[in-house]
Amino acid sequence: GDSVTQMEGPVTLSEEAFLTINCTYTATGYPSLFWYVQYPGEGLQLLLKATKADDKGSNKGFEATYRKETTSFHLEKGSVQVSDSAVYFCALVNQAGTALIFGKGTTLSVSS
Amino acid sequence: GAVVSQHPSRVICKSGTSVKIECRSLDFQATTMFWYRQFPKQSLMLMATSNEGSKATYEQGVEKDKFLINHASLTLSTLTVTSAHPEDSSFYICSARLGQGQGYTFGSGTRLTVV
């Protein structure tokens, strides 16, 4: 079945460091891909998405490119801030085209 | 934007009792809602998909009789954990699909603790 694998955390960075969180997927066809963020004590929020190969999603300085050849959707940010500390989830829409399937989440901790 | 309101945010119940969690779509009609369960430091596991006016579709391994889902209207879906036990303690999150290609919105979650 469909699945998402993302890098284990926690990821600990200093402010202004470069961030990469790896995400790869297994799915039939070409599902839409998402990154969600969960700030402490809050619900999930959509960070960015891409719906087809080579699409680049971007938001708040974060970017991810839909790579069909490597079945990947790695999240990057050039300069992280303390306020970016959160749990990040990579996800895809399941084969039925209905629900989201999530990776395990990666905790990011940014210190000043 | 589209908001899903989930209540309660936290609940503590005694073993053997039942707990109901509600999710309401506040400014849109949610034909389809999803229920997830999140264990500490683990991913969100899809439990079931509920469609308004019909029976929920449960994922493999999820007990239908323990986790009762009702989606009686376009703005309300409920999850009832029946005869709760400590192993049911978890974080439960609902989600609604916003429409073709428009993504999903999530409730703020319910922390269930069974003692």
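Residues numbered from 1 in each chain as written. Chains lettered and ligands numbered in written order. Predicted model: local features only at pLDDT ≥ 70, side-chain atom pairs only at ≥ 80, totals over all residues. Heavy atoms only, no water.

Asker: What exactly am I supposed to notice about the packing of aromatic side chains here?
Answerer: Given two aromatic rings, one states the distance between the centres and the angle between the planes to describe the pair. Enumeration over the complete set of coordinates arrives at twelve aromatic pairs over all chains. When the centroid spacing of 6.0 Å and the interplanar angle of 80 degrees are considered together, the rings of A:Y25 and A:Y66 count as edge-to-face. Pair noted here: A:Y25 is in strand β4 (residues 23-26) and A:Y66 is in the loop between β8 (62-65) and β9 (75-77), with a separation of 41 residues, a long-range link. In this structure A:Y25 comes out as buried when scored by relative accessible area, which is 7%. Centroid distance A:Y36 to B:F106: 5.1 Å. Interplanar angle 75 degrees. Geometry classified as edge-to-face. Of this pair, A:Y36 sits in strand β5 (residues 33-38) while B:F106 sits in strand β10 (residues 103-106), each in a different chain. With respect to class, A:Y36 is no different from B:F106; both count as buried. (Phe/Tyr/Trp six-rings, centres within 6.5 Å; stacked < 30°, edge-to-face > 60°. Helix = DSSP H or I, 4+ residues; strand = E, 2+ residues; numbered from the N terminus. Buried < 20%, exposed > 50% of the residue type's maximum accessible area, 1.4 Å probe, protein only.)

Asker: Any chance you could explain the sheet that holds strand β1 (residues 4-7) of chain B here in plain terms?
Answerer: Strand pairs in the sheet, formed through backbone hydrogen bonds, run parallel or antiparallel to each other. All names here are of chain B. Spatial strand order, β1-β3-β8-β7: four strands in an open sheet with antiparallel pairing. For this open sheet the edge positions go to β1 and β7 (67-73), each flanked by a neighbour on one side alone. Going across the sheet, the axis of each strand differs from the next one's by a mean of 15 degrees, ignoring polarity. Pairing geometry for β1 and strand β3 (residues 19-25), over four bridges, is antiparallel. Paired with H7 across the strands is E22, a residue of β3. (Pairing = 2+ DSSP bridges. Axes fitted to C-alpha atoms, helices over the stretch in contact; angles between N-to-C directions.)

Asker: Would you explain the state of the cysteines in this entry?
Answerer: The full count for this structure, using the stated rule, is two disulfides over all chains. Here A:C23 engages in a disulfide with A:C90; their sulfurs sit 1.9 Å apart. Disulfide A:C23-A:C90: the torsion about the S-S bond is -70 degrees, which places it as left-handed. Separated by 67 residues along the polypeptide, A:C23 in strand β4 and A:C90 in strand β10 (residues 86-93) bring together distant segments of the chain. Grouping residues by exposure puts A:C23 and A:C90 together as buried. Shown here is the disulfide that connects B:C23 with B:C94, its sulfur atoms set 1.7 Å apart. Handedness here is read from the sign of the S-S torsion; for B:C23 and B:C94, about -90 degrees, the answer is left-handed. One end of the pair, B:C23, is in strand β3; the other, B:C94, is in strand β9 (residues 90-99), with 71 residues separating them in the sequence. Grouping residues by exposure puts B:C23 and B:C94 together as buried. Here B:C13 stays free of any disulfide, with the sulfur of B:C23 as its closest cysteine sulfur at 17 Å. (Disulfide = S-S within 2.5 Å.)

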